[in-house]
Structure formats: structure tokens, C-alpha cells
Amino acid sequence: MADRIHRVVIEGSRISTPRLTLRPWARGDAEAALLVYGVDEVSRWLAPALEPVSDLAAMERLVERWVSESATLEPPQGRWAISLRETGEVVGGVALLPLPPLGSDLEIGWQLAPGLWGQGLAAEAGHAVAHQAFESDAGVEELFAVVRPRNVRGAATARRVGMEWVGETEKYYNLQLQVYRLRKGDLDAGGPTAAFP
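Residues numbered from 1 in each chain as written. Predicted model: local features only at pLDDT ≥ 70, side-chain atom pairs only at ≥ 80, totals over all residues. Heavy atoms only, no water.

Participant: What's the story with the side chain of Arg 23 in this structure? I'm lost.
Facilitator: With respect to the element layout, Arg 23 can be found in strand β3 (residues 20-24). With residues near it in sequence (within four places) discarded, Arg 23 still touches Ser 13, Arg 14, Asp 29, Arg 79, Trp 80, Ala 81 and Val 90. (Helix = DSSP H or I, 4+ residues; strand = E, 2+ residues; numbered from the N terminus. Contact = heavy atoms within 4.5 Å.)

Encoded structure:
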């Protein structure tokens, strides 16, 4: 199993895992992105950080913003489209961004098309971004995920990434959120990623 856990390949801005390719968003990704961010089962957990996306034009504007913002983000920060390695189909997104209000904590966030839930793909993407962050020259020692208390899937994904629950806070986004943390030394230390092929 240890070989499966460590099969993360980082080449520039692309990250590969056994089943996924994470790559920067492109302007042509809006239609596929709408099948993720335009779906209520996904979007209801993202506000206020990301308001619901109602149509293709709104998704095009949002993807355009992500593409533009990517040039200003300091590595290891970023936003990636999640695509299936086998088909190239974009099925979600993952991000590593500073948490408001101070921006001193880095948050991993993931979103996946509901039709692909339950296969460990979001955890695989989150785990890959954690590798990218910890292997960077930025000196990252810990990462966080924040999850609304009723978002059972989000909490389970954070645990599968290898994160531990550290409590609840209203510090981020002015919402009551569960906080999960992953320390650099704990990446791949246990078995939470066993669901990966």
C-alpha cells in the first residue's frame, strides 16, 4: 500500500496521481466546471467563499478570474482543475489558498461532480496538493481544511486526506466551521489514504 500512497508526481504546475491529473484551470473548462460548481449539492457548502454559479456565462467569468488570479498566487498556492487521467474529463477542482481573514493559514479545498462521489477522488486530489505544498520551497509545515458541521462528506474527505480534527471556530469566513489540520510530518504516516488505488 505504501507505494500507492506515494504515487504523486509533480511537474511544474501539473500534479499526477494514479487516477487524476491536476492542472491549472483553462478558459475552455467552464462547461465542465458548471457541472460541479453549478450543482446545489456542491455549491451549498461553498458560500460565502464562492457564491453559487447559476449559468454558463457566470461560470465562464469565474474560470476567467481563476486563470487571471493564478498568475498572482505565490507557490505553493494555486487552483487546479481535477481531470481523470484515463479520459481527460474535468470532474472537479482543488485549491490551496490562504484562509481569511489574516491569510496566514493555508486551506485545501476540493469539489467534485456528485456523480463521482464515493470513489476517493476528492481525497486523492487533496492528498496530491498536500504533497505539492509540503515538497515546495515555501516552508509549509501545516495545512487546514474547514468544513461546515453538517457537511459529513467534506469531513470524511478531510480525514481520508490524512487530516485530524482540531476543533470548531468562527475565525474563518465568519461561520461556525470544523477545522482539520495536516502537519508535514504526518503526511502518509497512517492509513487514511487506503481508499486510493
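Participant: What exactly am I supposed to notice about unusual backbone geometry here?
Facilitator: Phi is mostly negative for residues that are not glycine, and the peptide bonds are mostly trans. Note that the residue after Pro 75, namely Pro 76, is joined by a cis bond; omega there is 15 degrees. Tracing the backbone through its elements, the reader meets Pro 76 in the loop between α4 (56-70) and β4 (78-84). With an omega dihedral of 10 degrees, the bond running from Pro 100 to Pro 101 counts as a cis peptide bond. Inspection of the secondary structure puts Pro 101 in the loop between β5 (90-98) and β6 (106-112). At Asn 174, a residue that is not glycine, the phi angle is positive and equals roughly 55 degrees.

Participant: Where do I start with the pairing of β4 in this structure?
Facilitator: With six of its seven residues buried, β4 lies for the most part within the structure. Sheet topology places β3 next to β4; five bridges connect them, and they run antiparallel. Within β4, the residue paired with Thr 21 across the bridge is Ser 83. Where β4 and β5 come together, six bridges link them in antiparallel fashion. Counterpart to Arg 79 in the pairing with β5 is Ala 95. (Buried < 20%, exposed > 50% of the residue type's maximum accessible area, 1.4 Å probe, protein only. Pairing = 2+ DSSP bridges.)

Participant: How should the nonpolar core be read in this particular structure?
Facilitator: Where a protein is soluble and globular, its nonpolar side chains tend to be buried together. Formed by 35 residues in total, the largest nonpolar core has its most connected members in Leu 22, Val 94, Ile 108, Trp 110, Leu 143 and Met 163. Of all the secondary structure elements, the ones that give two or more residues to this core are β3, β4, β5, β6, α5 (121-135), β7 (142-147), α6 (152-161) and β9 (177-183). Here this core gets nine residues from one element, more than from any other, and that element is α5. Sequence-distant contacts of Leu 143, defined by excluding residues within four places in its chain, comprise Leu 96, Leu 106, Ile 108, Ala 130, Ala 133, Phe 134, Met 163, Tyr 180, Arg 181 and Leu 182. (Core = buried A, V, L, I, M, F, W, Y, C linked by side-chain atoms within 4.5 Å.)

Participant: Would you mind showing me how to read the pattern of salt bridges here?
Facilitator: Opposite charge on two side chains lets them pair, provided their charged atoms get close. Taken as a whole and assessed by the stated rule, the structure comprises seven salt bridges. Ionic pairing is found between Arg 79 and Glu 69, a salt bridge with its closest N-O pair at 3.9 Å. Here Glu 69 lies in helix α4 and Arg 79 lies in strand β4, a separation of ten residues in the sequence. (Salt bridge = Lys/Arg side-chain N within 4 Å of Asp/Glu carboxyl O.)

Participant: Sorry if this is basic, but what is going on with the packing of aromatic side chains here?
Facilitator: By convention here, two paired aromatic rings are described through the distance between centres and the angle between planes. In the structure shown here, the tally under the stated rule is three aromatic pairs. Residues Trp 25 and Tyr 37 carry aromatic rings whose centres are separated by 6.2 Å and whose planes lie at 65 degrees to one another, so their mutual orientation is edge-to-face. Here the residue Trp 25 occupies a position in the loop between β3 and α2 (30-37), and Tyr 37 occupies one in helix α2, the gap between them amounting to twelve residues. No difference in accessibility class separates Trp 25 from Tyr 37, as the two residues are buried. (Phe/Tyr/Trp six-rings, centres within 6.5 Å; stacked < 30°, edge-to-face > 60°.)

Participant: Explain α5 to me, please; I cannot follow it from the model alone.
Facilitator: Helical geometry: 3.6 residues make up each α-helical turn, so side chains three or four residues apart lie on a common side. Taking 1.5 Å per residue as the helical rise, α5 with its 15 residues ought to reach 21 Å, and the 21 Å between its terminal C-alpha atoms agrees with that figure. Of all 15 residues that make up α5, 14 are buried, and the element is covered over most of its length. (Expected span 1.5 Å × (residues − 1).)

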